[in-house]
Structure formats: C-alpha cells, structure tokens
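# Notes for the structure review
The lines below spell out each chain.
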Number of protein chains: 2
Amino acid sequence: MTKETDESIMVPAAVIKRLPKYHRYLEELLNEGREKISSQQLGEIVGVSAPQLRQDLNYFGNFGQQGYGYNVKKLYNSLAEVMGIQQKSNMVLVGVGNIGQALVNSRDFEKRGFYLSAIFDTNPKLIGLEINGLVVKDVVELKDYIAENDINIGVITVPASSAQEVANQMIKAGIKGIWNFSPVDLKTPPNIQVENEHLTEGLLRLSFKVKEE
Amino acid sequence: MTKETDESIMVPAAVIKRLPKYHRYLEELLNEGREKISSQQLGEIVGVSAPQLRQDLNYFGNFGQQGYGYNVKKLYNSLAEVMGIQQKSNMVLVGVGNIGQALVNSRDFEKRGFYLSAIFDTNPKLIGLEINGLVVKDVVELKDYIAENDINIGVITVPASSAQEVANQMIKAGIKGIWNFSPVDLKTPPNIQVENEHLTEGLLRLSFKVKEE
C-alpha cells in the first residue's frame, strides 16, 4: 500500500522532529509482540492526536488501513526506510574527551544502524589507546580516512575552539551530515546537514522554565 | 532601563529556545572585550534578523537604547537573570553510566551557575567510588538527600527501564525541573518542567535530512 516515495516532497520540520519518537515507540510495541495498533492508540502513546498522527504519516505514504489501523512491523520498517536507517550509516568521531568517550562506550546508536568506523583526537596521550574496541587515530589521518571509506556522518565532540576546523576537514573529505556536540554554530554549505546537541542550552531552557513556573 | 519583570508574561517557546544562544554569543563578545553592539550586528552573529532580535528581547524588558544598541555586559546580565542563572542552581544526578560519567567529569554547566551536589546509582560496584570529586551515593538515599538539601534540578542518566521510577522519586522529594537523558517521555505533573536530551533522536533526524538532500 505504500505509495512511491516522492523525492520532491516537502516535509515540515515539526513532522521530521516527531518521526524518531514514532519510531522509538513502535520499536517498543514490536518488542512487546504487538501486531497492530489504531491511530487513536498510537497517538495516545506518543502524545499527539490521532488526526495529527495520520496527517504526519501521510507525508510518507498511505500506511494505515481503514478499520484496521497500522501493522506495527510494517509501519516500523517503513519509517526506518523513510528516515534512512535501513541502510547502514558509517560515522567517524573526532574528540575523545568526556562526551566523546561516553558515545564511544555506549554506542546506543548501533541498534539503529549507525556504526562508528573510527575515532580521532589530537592529544598524543590518547592516540593509540583502545576504547571499546576502537583505537584512537591521529586527527591528521581524518581526511584520508573519510575519503577512502564509506563515511556518511561525522560526530564532533571537540572543544568549541577547534570545532569549525574539524567540520571544514570533514566537509572537504566528503561528509554529508554532522552531529555536533560542540557549543558553536558551525558555518557549513547548504548541502551539508547539521544536527546540534548543545547540551548546556537544554539546561538553560530548563532553568528558565523552572523559574517561570 | 529594564522594566519590572512581569510574572504573568507569556513567552513563546521559540523565543525561549533562542535565549541560551543569545546568552552564549554575548558571553563570547564579553570575553573579547566588546562593550556595545547593535541589534543588526548581534542578529547577524546569532543568525536572526535585527527586528526578530529586538522583538525577542522586548519580551523581557527594554534592553536597547535608540541609536546606541546594546550594552553587552548589561544585556548579558539581564538575560542571565531572566533565565534564572544568576541564582545558583543545585542539581543531583542519578545514573553514573557513560553519559552520566561524562557529565560528572566535564561539568561545563558549572560556568553557568549549575552545580552538581550529589550523584547516585544502584550499582554496588559504583557506590562509594569518587568521580571528579563526587562520591557515588546509593540511590536509596536520593529522596532524603533532595528533601534535606536545596536541590532544584534532577538529572536522569539511567537506562530507559528505570527512568520513570527515578523521576517519581525526584518529584516526590520536591524537585521542580528534570534534565532527562533517558530515551523515554516521562509522565510528570504539569508543575514539573522537563527538558529532554534524546541524543539518538538527533542522530535519526540528521540521517533523515542527509537522505532527503
């Protein structure tokens, strides 16, 4: 029932933002052995109205069946495809500090098809160390490594002062997406996608909301 | 020139979202020794239009002076006050795994007035360990600790399966805000503020945008 994916389709940012959440809840339902679910029920779980849910999913194809609801597994797989996580993504990470090490150690994202291929740092004390099965490489090797391997995404966990330089090198080497944990807004060409995780900004927003309450 | 803070003022979420960014750029300008800046210039740096910037800041008071622009230090301090970061905030953290340890070790947020008072875990191998000057406490002490100390914010870095239980305990003990790193949407009463850092969702959004490009 899925309609052909229309490459020219425009999807609102608010919808894109909700997709990972739908995907996460569907995974939980799958793990619980659930086979089908109504838009009403799924909406309740996720916290959006049923019409909103149907409208969101309609951007990507006609997933539901009238009077039956959604097939959990089919919807899960379709969303994964829409989000580009059925094909495996290879990533490099630069900056093996606190947050970098936490990401290398946890690798929660591997369950979703994102693999860390290599990790880099400038610190001679870290280069050569093995962290959770990956040996820290010298950042001078970054560009060649990206160019010679099939790397889609670069993770930046360096201090603010060197984040732009690392981003520049990644982009020159052909990376298409940057997952940025440095507290700077990177300057990048329009064809490069950036997702920022500015953690302290989240804390500041929280503090503001607590104060308002 | 700042008008009295009106406690009943409604501020759009989009504006709240931009405040930490304004604050961060103003800090950089302060560090560079900059004394004043026009709304035009500040807007350019931050990436919003000058009218947008003036409109955003007007929610909180008349910061600028016609024909002069903003006094960097005054604006920085006013924003800090608005965001509730002039008063010190004390936090507890529960879950000393990968991300938890990274937060305890980096403590970037201390520069902004957020202090970790205590850290907790359920794992007997971790309880009693010292991490960056803080000794890991048993989570059974959590409620009493929060009740007996002046704690505003709880940081949750436990696995998804125990996040709601930790949140419940924090709320019962009187915490007003939760900074949640667990990949679950916590169920909380309306007077409790939650800021989610669902890291893998950011990566999924990035993957989707890269695929769309």
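Please read these numbers as outputs of a predicted model, since none were measured by experiment. Residue positions are counted from 1 within each chain, in the order its sequence is given. Key to labels: chains lettered from A, ligands numbered from 1, both in the order written. Given that this is a predicted model, residues contribute local features only at a pLDDT of at least 70 and side-chain atom pairs are listed and counted only at 80 or more, while totals for whole chains, interfaces and linings are drawn from all residues. Just so you know, side-chain values use all the structure's heavy atoms and leave hydrogens and water out.

### Quick look at the overall build of chain A
Going by this rule: The way it works is that DSSP assigns letters per residue, a run of H or I at least four long becomes a helix, a run of E at least two long becomes a strand, and they are numbered from the N terminus. Only protein chains enter the accessibility calculation, which uses a 1.4 Å probe; a residue is then buried when its area is under 20% of its type maximum, exposed when over 50%, and partly exposed in between. Residue contacts follow a heavy-atom distance rule, with two residues in contact if any of their heavy atoms lie within 4.5 Å. To be clear on the numbers: accessible area is Shrake-Rupley with a 1.4 Å probe, and residue cover counts the displayed protein chains and nothing else. Charged residues are defined narrowly, with Lys and Arg counted positive, Asp and Glu counted negative, and His plus the chain ends left uncounted. Think of each charge as sitting on NZ of Lys, CZ of Arg, CG of Asp or CD of Glu.
Secondary structure summary: chain A contains eight helices and nine strands in total. C-alpha atoms of chain A, sized along the principal axes, occupy 60 × 45 × 35 Å. Considering chain A as a whole, with its 213 residues, one finds that 52% of them fall into the buried category. When contacts within chain A are restricted to residue pairs at least 6 apart in sequence, those whose partners lie at least 24 apart make up 58%. Entry remark: accessible area of chain A is about 10,400 Å², with carbon and sulfur atoms responsible for 46%. If the 23 positive side-chain charges of chain A are averaged to one point and the 26 negative ones to another, these points end up 4 Å apart.

### Side note on the relation of the copies chain B and chain A
In plain terms, the rule: When the copies are superposed, the least-squares fit takes in the C-alpha atoms of residues with a pLDDT of at least 70 in both.
Overlaying chain B on chain A yields an RMSD of 0.0 Å, the required transformation being a rotation through 180° with an accompanying axial translation of 0.0 Å. Viewed as a symmetry operation, the transformation between the two copies matches a two-fold axis. Residue B:A102, judged by its C-alpha, is the member of chain B lying nearest the rotation axis, at 3.0 Å. When the interface residues of chain B are mapped onto chain A, 100% of them again lie at the interface, so the same face is used by both copies.

### Overview of the packing of aromatic side chains
We apply this condition: Working definition: rings of Phe, Tyr and Trp (its six-membered ring) pair if their centres are within 6.5 Å, and the pair is stacked with planes under 30 degrees apart, edge-to-face with planes over 60 apart, and tilted otherwise.
Summed over all chains, the structure comprises six aromatic pairs over all chains. Between the aromatic rings of A:W179 and A:F181, the centroid separation amounts to 4.9 Å while the plane-to-plane angle is 70°, which identifies the pairing as edge-to-face. Measuring from centroid to centroid gives 6.1 Å for B:F109 and B:W179, while their planes differ by 85°, and the two rings are edge-to-face. One end of the pair, B:F109, is in the loop between α5 (98–106) and β4 (114–121); the other, B:W179, is in strand β8 (residues 177–180), and 70 residues separate them in sequence. Like B:F109, the residue B:W179 is buried in the burial classification.

### Considering the domain arrangement of chain A
Often, the extent of an interface is quoted as the loss of accessible area upon association of its parts. As a reminder of what qualifies: Per the annotation, domain bounds derive from an automatic or database assignment of domains.
Looking at chain A, the domain boundaries give domain 1 (13–82) and domain 2 (89–201). Look at where the C-alpha atoms of domain 1 of chain A and domain 2 of chain A centre, and you get two points 31 Å apart.

### Observations concerning the interface of chain B and chain A
What counts, and what does not: The term buried area means the drop in 1.4 Å probe accessible area that two parts suffer when joined, counted for both and summed. Each salt bridge in this description consists of a side-chain nitrogen of Lys or Arg and a carboxyl oxygen of Asp or Glu lying within 4 Å of one another. Gly is placed with the polar residues, together with every amino acid not listed as nonpolar (Ala, Val, Leu, Ile, Met, Phe, Trp, Tyr, Cys and Pro) or charged (Asp, Glu, Lys and Arg).
On the side of chain A, 58 residues touch chain B, which itself brings 58 residues to the contact. Both sides of the chain B and chain A interface together cover about 5,500 Å² of buried area, and 62% of this is carbon and sulfur. Ranking the residues of chain B by area buried against chain A places B:L203, B:L204 and B:F208 at the top, with a combined share of 13%. At the boundary of chain B and chain A, one finds 10 salt bridges. Across the salt bridge formed by B:K209 and A:E195, the nearest N and O atoms sit 3.2 Å from each other. Among the elements that take part in the side of chain B that touches chain A, helix α8 (residues 199–212) of chain B stands out by supplying 14 residues, more than any other. In the side of chain B that touches chain A, the residues fall into 29 nonpolar, 13 polar and 16 charged.

### Things to note about the UniProt feature "binding site: NAD(+)" (unreviewed entry) in chain A
For the record, the criterion: UniProt positions are given in the numbering used here, feature names are shortened, and annotations may be inferred rather than shown by experiment.
As recorded in UniProt, the feature "binding site: NAD(+)" (unreviewed entry) lies at A:G95, A:V96, A:G97, A:N98, A:I99 and A:G100. With respect to the helices, strands and loops of the structure, A:G95 is situated in the loop between β3 (89–94) and α5 (98–106). Overall, the relative accessible area of 5% leaves A:G95 in the buried class. Beyond its immediate chain neighbours, meaning those up to four positions away, A:G95 contacts A:G100, A:F120, A:D121, A:T157 and A:V158. The buried category is assigned to A:I99, whose relative accessible area is 17%. Contacts of A:I99, omitting those with residues within four sequence positions, involve A:T157, A:F181, A:L199 and B:A102.

### Details of the sheet that holds strand β5 (residues 130–131) of chain B
Operational definition: We treat two strands as partners when DSSP finds at least two bridges between them. In this analysis an axis means a line fitted to C-alpha atoms, helices contributing only their contacting stretch, and an angle means the value between N-to-C directions, from 0 to 180 degrees.
Across the sheet, which stays open at both edges, the seven strands sit in the order β5-β6-β4-β3-β7-β8-β9 (chain B) with mixed pairing between neighbours. In the strand order of this sheet, the two ends are held by β5 and β9 (193–196) of chain B, each with one partner. Those strands touched by helix α8 (residues 199–212) of chain A are β3 (89–94), β4, β7 (153–156), β8 and β9 of chain B, and its axis lies near 170° from that of β9(B). Helix-sheet contacts for helix α7 (residues 160–172) of chain B involve β3, β7 and β8 of chain B, and the interaxial angle to β7(B) is about 170°.

### As for the layout of surface pockets
Over the atoms, a rolling probe the size of a water molecule traces out where space has been left empty. As a reminder, the rule being used: Throughout, the protein atoms alone are placed on a 1 Å grid, and a set of points is a cavity if a 1.4 Å probe fits but cannot get out or a pocket if it is open with protein on both sides within 12 Å along at least five of seven lines; lining residues have an atom within 4 Å of a point. Grid points are joined across faces, edges and corners, and a volume is the space filled by probe spheres set on the points.
The calculated volume of the largest pocket comes to roughly 1,800 Å³. Residue lining of the largest pocket: 49 residues in total, with A:K17, A:R205, B:K17, B:N196 and B:R205 positioned closest to the centre. Per element, the largest residue contribution to the lining of the largest pocket is nine residues, and it comes from helix α1 (residues 13–31) of chain A. Across the lining of the largest pocket, the residue classes tally to 18 nonpolar, nine polar and 22 charged.

### Thoughts on the UniProt feature "DNA-binding region" (unreviewed entry) in chain A
UniProt records the feature "DNA-binding region" (unreviewed entry) for residues 21–60 of chain A in the present numbering. With 70% helix and 5% strand, residues 21–60 of chain A has end C-alpha atoms that lie 16 Å from one another.

### What to know about α8(B)
Residues and elements named next belong to chain B. Put simply, the test is: What a helix should span is 1.5 Å times the count of its residues minus one.
Over its 14 residues, α8 extends 20 Å from the first C-alpha to the last, a length consistent with the 20 Å expected when each residue adds 1.5 Å. Among the 14 residues that make up α8, 11 are buried, leaving the element largely enclosed by the rest of the structure. Listed in full, the buried residues belonging to α8 are L199, T200, E201, G202, L203, L204, R205, L206, S207, F208 and V210.

### Considering the sheet that holds strand β6 (residues 134–138) of chain A
All names here are of chain A. Pairing is mixed across the open sheet formed by seven strands, whose spatial order is β5-β6-β4-β3-β7-β8-β9. Two strands in the sheet have a free side with no partner beyond their single neighbour: β5 (130–131) and β9 (193–196). Sheet topology places strand β7 (residues 153–156) next to strand β8 (residues 177–180); four bridges connect them, and they run parallel. Residue pairing across strands places G154 opposite I178, the latter belonging to β8. Packing against the sheet, helix α7 (residues 160–172) makes contact with β3, β7 and β8, and its axis sits at approximately 170° to β7.

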